[in-house]
Amino acid sequence: MRHTYHDVEFCATRVALGLLAGKWKPIILFHLFSGPRRFTELWRDIPRVSKKVLLEQLRQLEAAGLVERTVHNGFPPEVTYQLSTKGAELGPILHRLDQWAVTHIAGVVQIS
């Protein structure tokens, strides 16, 4: 069945891409594909992202149901982030998008 969208607000692809919009969200997801990570691990492994922006992006991914946040008892409490089932389903899609970009983006956009 072919979808037609007369109102771009309800275009499923646009909505899905909106959930992933942001400079850091795809990078955060790529890091979480390898398993649960603590906030400090993510912050250390993603160069140039501030703690404030990382936390904001993680909260947005959590609100979208793509990431789950777990607080572990202890002092200080340890917080880990992991992909939800819905977020894990993005793995093959983002991997394929990455392959496409490596093949086709040269000469179109300068990557810094």
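You'll find the structure just up there.
Every value quoted in this text rests on a predicted model; they were computed, and no experiment measured them. (Residues numbered from 1 in each chain as written. Predicted model: local features only at pLDDT ≥ 70, side-chain atom pairs only at ≥ 80, totals over all residues. Heavy atoms only, no water.)

## Some words on the overall build of the chain
Part 1 of the reasoning: Along the chain, the regular secondary structure elements total six helices and three strands.
Part 2 of the reasoning: The order of α-helices and β-strands along the chain, N terminus first, is α-α-β-α-α-β-β-α-α.
Part 3 of the reasoning: Scored against the burial criterion, the 112 residues of the chain give a buried share of 26%.
Part 4 of the reasoning: Contacts in the chain between residues at least 24 apart in sequence constitute 45% of all its contacts with a sequence separation of at least 6.
Part 5 of the reasoning: Of the roughly 8,300 Å² of accessible surface on the chain, 59% is carried by carbon and sulfur atoms. (Helix = DSSP H or I, 4+ residues; strand = E, 2+ residues; numbered from the N terminus. Buried < 20%, exposed > 50% of the residue type's maximum accessible area, 1.4 Å probe, protein only. Contact = heavy atoms within 4.5 Å. Areas by Shrake-Rupley, 256 points an atom, 1.4 Å probe, with all protein chains shown as cover.)

## Some points on the pattern of salt bridges
Part 1 of the reasoning: Per the stated rule, a full pass over the model turns up three salt bridges.
Part 2 of the reasoning: Notably, a salt bridge pairs Asp 45 with Arg 37, separated by 2.0 Å at the nearest N-O pair.
Part 3 of the reasoning: Taking the shortest distance from any N to any O, the salt bridge between Glu 78 and Arg 38 comes out at 4.0 Å. Placement of the pair is Glu 78 in strand 3 (residues 78–83) and Arg 38 in strand 1 (residues 37–38), with a sequence separation of 40 residues. (Salt bridge = Lys/Arg side-chain N within 4 Å of Asp/Glu carboxyl O.)

## Some points on the sheet that holds strand 2 (residues 67–72)
Part 1 of the reasoning: A sheet is described by the order of its strands in space; here three strands give the open sequence 1-3-2, paired in antiparallel fashion. Each edge of the open sheet carries a strand with a single partner, namely strand 1 and strand 2.
Part 2 of the reasoning: The pairing of strand 1 with strand 3 spans two bridges and is classified as antiparallel. Each residue of the ladder has a partner; that of Arg 37, found in strand 3, is Tyr 81.
Part 3 of the reasoning: Contacts from helix 2 (residues 25–32) reach strand 1, strand 2 and strand 3 within the one sheet, and its direction differs from that of strand 3 by about 95 degrees. (Pairing = 2+ DSSP bridges. Axes fitted to C-alpha atoms, helices over the stretch in contact; angles between N-to-C directions.)

Functional significance is not addressed by these values, which are geometric in nature.
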